[in-house]
Amino acid sequence: MHNPQLNKNGELAHLLSIEGLPQGILTQILDTAASFMEVSARDVKKVPLLRGKSVFNLFFENSTRTRTTFEIAAKRLSADVINLDINKSSTAKGETLLDTIDNLVAMHANLFVVRHASSGAPFLIAEHLQRIGRDDVHVVNAGDGRHAHPTQGLLDMYTIRHYKKDFTQLRVAIVGDILHSRVARSDIHALTTLGVPEVRAIGPETLLPKHLDKLGVHVFHDMNEGLKDCDVVIMLRLQNERMSGALLPSAGEYFRHYGLTPQKLALAKPDAIVMHPGPMNRGVEIHSAVADGEQAVILPQVTFGIAVRMAVMSIVAGN
Amino acid sequence: MHNPQLNKNGELAHLLSIEGLPQGILTQILDTAASFMEVSARDVKKVPLLRGKSVFNLFFENSTRTRTTFEIAAKRLSADVINLDINKSSTAKGETLLDTIDNLVAMHANLFVVRHASSGAPFLIAEHLQRIGRDDVHVVNAGDGRHAHPTQGLLDMYTIRHYKKDFTQLRVAIVGDILHSRVARSDIHALTTLGVPEVRAIGPETLLPKHLDKLGVHVFHDMNEGLKDCDVVIMLRLQNERMSGALLPSAGEYFRHYGLTPQKLALAKPDAIVMHPGPMNRGVEIHSAVADGEQAVILPQVTFGIAVRMAVMSIVAGN
Amino acid sequence: MHNPQLNKNGELAHLLSIEGLPQGILTQILDTAASFMEVSARDVKKVPLLRGKSVFNLFFENSTRTRTTFEIAAKRLSADVINLDINKSSTAKGETLLDTIDNLVAMHANLFVVRHASSGAPFLIAEHLQRIGRDDVHVVNAGDGRHAHPTQGLLDMYTIRHYKKDFTQLRVAIVGDILHSRVARSDIHALTTLGVPEVRAIGPETLLPKHLDKLGVHVFHDMNEGLKDCDVVIMLRLQNERMSGALLPSAGEYFRHYGLTPQKLALAKPDAIVMHPGPMNRGVEIHSAVADGEQAVILPQVTFGIAVRMAVMSIVAGN
């Protein structure tokens, strides 16, 4: 089956999902990101790679944080960035998603960064672009429904590689609401592709998807067991809406079982790193002593995220 | 009477309305737009004509689509663009429109792109600028009430000239809610000025203004009759609010009478083009087979729209 | 006690409040602003001082006008500007203010422009930056609660110096709702620091803070007395919410007592200037004949405001 993310030379044309990407492409993105790390640290944080290109941030779902990271990354590549608050736009007037896309393509858009509440929306757009023969226009998925958040997955991989060097010796635990998390899904595919031998999922039964074992993931309901001897602990954000729902007794109860405290973290390897996609709920999924502690690499994740997004945008626009 | 759009040398100082503009100026704008067409197709879509100038998008009425086209056009001219969401701004605090303008002029604004629900608001601003002696500050009307939408009118003319070359042999039909349409009003003035010999208005009596004949427009209530032998068919968007009102029986009924289907389109000339200002209501005023068909030039309109807006902004700011 | 606004060399690292700043720094800002005045009047309104730097407008409280002036100033310094509408952002998801700041610092922010409803929020941010050792990141207070609005205070000083040259011979009156005004507070500290011998506060008892005399301010409840022989009259905006509250009988009554009319202004010196931070309530705190009269310097204040904000941003980012 043809992979809609790759062009006919097998190069990355769109970043829609980590699932199905070969290891070589993941490594290419991480290596390119490494080369951009010093740009953001410069006095003049600019490279001219996308100068004069039009990048559209199409956020059908609100996310200031993610939009901002893409906006910064695009501006550091010297692109012209147009933010479209789609709630306010023509979609509200009954225009279809693909009519909106056709219009923006007619304005000579070069790259769409798409966040959408519906799983698969960025795929639809990429397929449509292919159907109308516009292989010069590219799509980057900035999170679609519960499906995927590939740039978050990639920045997580960048972070792990930065601190642990070699993927093939690691034990990585992902903790929390994996059922509703596109981050978890992207991380699991990336970790597997990059050769991590043991991926663990830790959480209450109500927040874990069924059939995780088919992805090669080891399931733990007891956090103490699950954290044992891990090299990397990826904490997930507990969405506020879950806490008041039937899926969980209370935030306090959740914290008691699955909140990462210094005591629980002590069960992992002494040099284990702690990651979190942000924004954090301190006292819900993570104790402040861990969030601000020496093993946390949560802020470096943000820094790496800019470089990874610059890498993805420059790679797809260059192919 | 002095035309407030022209400076004392008879050059375009503001674009407020197509009504009253001489043919020479319309042609100048279309010719300039033609010269900008290749900029958007370039790898680096930039010319430095407005470098360091401050363009303010003053949208008192919401329109993501129109604002975006002006923002792109201004950025491709290298201007600094400031988007002002006026609902949030000082006007809400009781400041008058002209006090807001005075303040922005004091910030060294060069060009205002104005969308306003009240007919005549851009005129008021242009007159005020003249009164305070600021002939270095310019106004472009991006749609005022039911009055005018001159850049849409101009991009429609660009589209017609592109496909039909000569205005003086054409039969052009405008179909739909002409009563509430500033696009129709701008199109009628432009078509007349450019020498189109026959302009037709097609729609139910409740959606056509009285006295269209005084503008030289031929009125048709039967769409089959009206489309006969036309070279150009301009479909208008049916506003959702009309459909639930007393003016129309229902969307289905409207489509049956005035929706453009392949069958009805077959009554026009075989090489007739179909235009629409967007966003389209598929199945209301236009059938998808027409919208996506070979005679539709709806997406080229969008592309031409960027070039036309670049032309208008560079001409007024250069005069 | 250490002044959090100054670095160890005594240079301006953050602009948080005029209170506590030495006269030399105020004068440095005014002199630098003077050198930027011609940039905005140029054809290409750009200097490359902040090229490639990332300026974040963090507006936790809505203010299109102030945000716009900072955005323009930053763009004229060639910075990349990111506007964050914080109501929409992670703060709404329960993230703490300092976690948000940490994230933006991790994205290599250079400068935060902060507007916040809580007095002291910019101080908290500056202290936090110092605590985490990031003396390369700077904070400019764009208005915090009732506390301070230092760039407004500075542009007011620029205006007074421009028209009156010497601060040490002046009688300056501030009229209106001083109790709730961060502008008044910043003006009083600036006027005192720059050596103005007589500062007057005019308003009803309900709108004046207690203990103004401790700041060396002369209090007047009768406007006719208070305006007598003044060189400078600074009118304050009467917030709409005050007018319906218990603090004031009515807008009409307020205007009768404290609205600046030509008659009342005649009591000041013949060459007195009239200032207002905007947006004006014509007919409430100021008569249109005064607002548009020869003694008003309200629009020049706006022009000077851009230069002053360019000066502040370039000075803190350069230190």
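Here the structure is a predicted model, which is why all the values come from computation and not from measurement. Throughout, a residue's number is its position along its own chain's written sequence, starting from 1. To label them, take the chains in the order written and letter them from A, then take the ligands in the order written and number them from 1. pLDDT decides what is reported in this predicted model: residues at 70 or higher carry local features, side-chain atom pairs at 80 or more are listed and counted, and totals for whole chains, interfaces and linings draw on all residues regardless. Derived side-chain values reflect all non-hydrogen atoms in the structure, with water molecules and hydrogen atoms excluded from consideration.

J.: Help me out: how do you make sense of the overall build of chain A in this one?
T.: By definition, any uninterrupted DSSP run of H or I lasting at least four residues is a helix, any uninterrupted run of E lasting at least two residues is a strand, and each is numbered from the N terminus. A count of helices and strands for chain A gives 12 helices and nine strands. With the radius of gyration taken over C-alpha atoms, the globule rule is written as 2.2 Å times the number of residues to the power 0.38. Its C-alpha radius of gyration of 19 Å places chain A within 12% of the 20 Å reference for a compact globule of 319 residues. Reported as C-alpha extents along the three principal axes, the dimensions of chain A are approximately 55 × 40 × 40 Å. Exposure classes here rest on a 1.4 Å probe applied to the protein chains alone. A residue is buried below 20% of its type maximum, exposed above 50%, and partly exposed in between. Looking at chain A as a whole, 63% of its 319 residues are labelled buried. What makes two residues a contact is simply this: any of their non-hydrogen atoms within 4.5 Å. Here the contacts in chain A between residues at least 6 apart in sequence split such that 77% fall between residues at least 24 apart. Here the open area of atoms and residues is found with the Shrake-Rupley method and a 1.4 Å probe, where only the protein chains shown may cover a residue. In the structure as shown, chain A presents an accessible area of about 11,700 Å², 52% of it carried by carbon and sulfur atoms. In this count, Lys and Arg are taken as positive residues and Asp and Glu as negative ones, while His and the chain termini are left out. The location of each charge is read from NZ of Lys, CZ of Arg, CG of Asp or CD of Glu. Of the charged side chains in chain A, 33 are positive and 33 negative, and the gap between their average positions amounts to 3 Å.

J.: What exactly am I supposed to notice about the relation of the copies chain C and chain B here?
T.: Between the two copies of the chain lies a rotation about an axis combined with a shift along it. When chain C is fitted to chain B, the best match, at an RMSD of 0.0 Å, comes from turning it 120 degrees and sliding it 0.0 Å along the axis. Both chain copies can therefore be described as sitting about a three-fold axis. Copy-to-copy superposition: least squares on the C-alpha atoms, limited to residues that have pLDDT of at least 70 in both copies.

J.: Help me out: how do you make sense of the interface of chain A and chain C in this one?
T.: Interface size is commonly expressed as the accessible area that is lost once the parts come together. Contacts between the two partners involve 27 residues from chain A, matched on the other side by 24 residues from chain C. Of the roughly 2,300 Å² buried between chain A and chain C, counting both surfaces, carbon and sulfur atoms make up 50%. In the sections that follow, a salt bridge refers to a side-chain nitrogen of Lys or Arg positioned within 4 Å of a carboxyl oxygen of Asp or Glu. Joining chain A to chain C, the criterion identifies three salt bridges. The salt bridge involving Arg282(A) is made with Asp99(C); its shortest N-O contact spans 2.7 Å. Pairs of N or O atoms within 3.5 Å make up the polar contacts considered here, provided that, within protein, one atom can donate a hydrogen while the other can accept it, and that residues adjacent in sequence are counted only when both atoms are side-chain atoms. Viewed at the interface, chain C and chain A are joined by 11 residue pairs in polar contact (both at pLDDT 80 or more). Note on definitions: buried area is the accessible-area loss of two parts on being combined, 1.4 Å probe, summed for both.

J.: Where do I start with the sheet that holds strand 5 (residues 171-175) of chain A in this structure?
T.: The pairing of strands in a sheet happens through backbone hydrogen bonds and is either parallel or antiparallel. Residue and element names in this part refer to chain A. Spatially, 7-6-5-8-9 is the arrangement adopted by the five strands of the open sheet, whose pairing is parallel. Since the sheet does not close on itself, it has two edges, and those belong to strand 7 (217-220) and strand 9 (273-275), each with one partner. Adjacent strand axes in the sheet meet at a mean angle of 20 degrees, parallel and antiparallel pairs treated alike. Helix 6 (residues 182-193) rests against strand 5, strand 6 (198-202), strand 7 and strand 8 (232-235) of the sheet, and its axis sits at about 170 degrees to strand 5. What makes two strands pair is DSSP finding at least two bridges between them. Convention adopted: a line fitted to C-alpha atoms gives each axis, helices being fitted over their contacting stretch, and angles between N-to-C directions are expressed from 0 to 180 degrees.

J.: Can you help me understand the interface of chain C and chain B in this one?
T.: Across the boundary between the two partners, chain C contributes 27 residues, which contact 24 residues of chain B. Viewed at the interface, chain B and chain C are joined by three salt bridges. Applying the counting rule to chain C against chain B returns 11 residue pairs in polar contact (both at pLDDT 80 or more). Those elements that provide at least two residues to the side of chain C that touches chain B are helix 1 (23-41), helix 2 (64-76) and helix 12 (298-318) of chain C. Among the elements that line the side of chain C that touches chain B, the one with the most residues is helix 2 of chain C, at nine residues.

J.: Would you mind going over the pattern of salt bridges with me for this structure?
T.: A side chain with one charge can pair with a side chain of the opposite charge if their charged atoms come near. All names here are of chain B. Under the definition given, this model contains 50 salt bridges over all chains. Close ionic contact of glutamate 198 with arginine 171 constitutes a salt bridge, the shortest N to O distance being 2.9 Å. Of this pair, glutamate 198 sits in strand 6 (residues 198-202) while arginine 171 sits in strand 5 (residues 171-175), placing them 27 residues apart in sequence.

J.: Please clarify how the domain arrangement of chain A should be interpreted in this entry.
T.: Residues and elements named next belong to chain A. Domain delimitation follows an automatic or database domain assignment. According to the domain assignment, chain A consists of domain 1 (23-148 + 304-318) and domain 2 (150-302). Using only C-alpha atoms to locate each centre, domain 1 and domain 2 end up separated by 27 Å. Between domain 1 and domain 2, the contact holds 28 residues from the first and 28 residues from the second. Overall, the association of domain 1 and domain 2 removes approximately 2,200 Å² of surface from exposure, summing both partners, and the carbon and sulfur fraction of that is 62%. It is Leu30, Arg146 and Phe304 in domain 1 that bury the most area against domain 2; as a group they hold 35% of the surface buried on that side. At the junction of domain 1 and domain 2, the tally comes to two salt bridges. With a closest N to O distance of 2.9 Å, aspartate 31 and arginine 161 form a salt bridge.

J.: Just checking my understanding: could you explain the relation of the copies chain A and chain C for this structure?
T.: With an RMSD of 0.0 Å, the fit of chain A onto chain C corresponds to turning through 120 degrees and sliding 0.0 Å along the axis. Of the residues that chain A buries at the interface, just 4% are likewise interface residues in chain C, meaning the two copies contact each other through different surfaces.

J.: I'm lost on the nonpolar core in this one. Help?
T.: Grouped burial of nonpolar side chains is what soluble globular proteins tend to show. Definition used in this section: a nonpolar core is a set of buried Ala, Val, Leu, Ile, Met, Phe, Trp, Tyr and Cys residues joined via side-chain atoms within 4.5 Å. Ranked by internal contacts, the top residues of the largest apolar core, which has 89 residues, are Phe56(A), Leu58(A), Phe112(A), Leu12(B), Leu154(B), Ile174(B) and Met313(B). Looking at this core element by element, the count peaks at 12 residues for helix 12 (residues 298-318) of chain B.

J.: I'm lost on the sheet that holds strand 7 (residues 217-220) of chain B in this one. Help?
T.: All names here are of chain B. Taken in spatial order, the five strands make up an open sheet running 7-6-5-8-9, and their pairing is parallel. Both outer strands of the open sheet, strand 7 and strand 9 (273-275), are each paired with one neighbouring strand and no more. Averaged over all pairs of adjacent strands, the angle between strand axes in this sheet comes to 20 degrees, irrespective of strand direction. Where strand 5 meets strand 8 (residues 232-235), four bridges bridge the pair, whose relative direction is parallel. Bridge pairing links valine 172 to valine 232 in strand 8.

J.: Help me understand the environment of Arg282(C) in this model?
T.: With respect to the secondary-structure elements, Arg282(C) resides in the loop between strand 9 (273-275) and helix 11 (288-291). A C-alpha to C-alpha distance of 30 Å links Arg282(C) and Asp166(C), two positions 116 residues apart in sequence. Separated by 2.7 Å, the side chains of Arg282(C) and Asp99(B) make a polar contact. A polar atom in the side chain of Arg282(C) sits 2.8 Å from the side chain of Ser288(C).

J.: Whenever I open this one, the UniProt feature "binding site: carbamoyl phosphate" (unreviewed entry) in chain A confuses me. Can you help?
T.: All names here are of chain A. The positions UniProt marks with the feature "binding site: carbamoyl phosphate" (unreviewed entry) are Arg65, Thr66, Arg115, His149, Gln152, Gly278 and Pro279. With respect to the element layout, arginine 65 can be found in helix 2 (residues 64-76). Arginine 65 gets classed as buried once you look at its relative accessible area, which sits at 16%. Its location among the elements puts histidine 149 in the loop between strand 4 (138-144) and helix 5 (150-164). When neighbours within four sequence positions are excluded, histidine 149 is seen to be in contact with Thr66, Arg115, Ala142, Gly143, Arg182, Val183, Ser186 and Arg309. UniProt positions are given in the numbering used here, feature names are shortened, and annotations may be inferred rather than shown by experiment.

J.: How should I be thinking about the side chain of Asp80(C) in this particular structure?
T.: Take Asp80(C): it is sitting in strand 2 (residues 80-85). Setting aside chain neighbours within four positions, we find Asp80(C) in contact with Lys46(A), Lys75(A), Lys53(C), Ser54(C) and Val55(C).

J.: Just checking my understanding: could you explain the packing of helix 3 (residues 97-106) of chain C against helix 4 (residues 121-131) of chain C for this structure?
T.: Pairs of packed helices are described in terms of their axes, by the angle between the two and the distance that separates them. All names here are of chain C. Between helix 3 and helix 4, the shortest axis-to-axis distance is 11 Å and the interhelical angle comes to 55 degrees. Looking at the two axes, helix 3 sits oblique to helix 4. In this structure, the crossing between helix 3 and helix 4 has a hand that is right-handed. The segment helix 3 lies against helix 4, with Leu97, Leu98, Ile101, Asp102 and Val105 engaging Ala121, Leu124, Ile125, His128, Leu129 and Arg131. In terms of residue class, the contact of helix 3 with helix 4 is made up of eight nonpolar, one polar and two charged. If an angle is under 35 degrees, it is roughly parallel; if it is over 145, roughly antiparallel; if it lies from 65 to 115, roughly perpendicular; otherwise it is oblique. Here is the rule for handedness: rotate from the far helix to the near one, and if that takes an anticlockwise turn smaller than a right angle the crossing is left-handed, while a clockwise turn gives right-handed. As a working rule, the residues Ala, Val, Leu, Ile, Met, Phe, Trp, Tyr, Cys and Pro are called nonpolar, Asp, Glu, Lys and Arg charged, and the rest polar, with Gly in that last group.

J.: Help me understand the confidence of the model for chain A in this model?
T.: Low pLDDT means the predicted atomic positions in that stretch should not be read closely. With 95% of its residues at a pLDDT of 70 or more, chain A shows a mean pLDDT of 93. Confidence estimates for the predicted assembly give a pTM of 0.93 and an ipTM of 0.92. In predicted models, pLDDT denotes the confidence assigned by the predictor to each residue on a 0 to 100 scale.

J.: I tried to follow unusual backbone geometry on my own but got confused; where do I start?
T.: Most peptide bonds take the trans form, and the phi angle of most residues other than glycine is negative. Residue Pro279(A) follows Gly278(A) across a cis peptide bond; omega there is -10 degrees. Structurally, Pro279(A) can be placed in the loop between strand 9 and helix 11 (288-291). The backbone phi angle of Asp229(A) is positive, close to 65 degrees, even though this residue is not glycine. Here Asp229(A) is to be found in the loop between helix 7 (223-227) and strand 8. Judged by relative accessible area, which is 34%, Asp229(A) ranks as partly exposed. For Lys165(B), which is not glycine, the phi torsion reads 65 degrees and is therefore positive. If you trace the backbone, Lys165(B) turns up in the loop between helix 5 (150-164) and strand 5.

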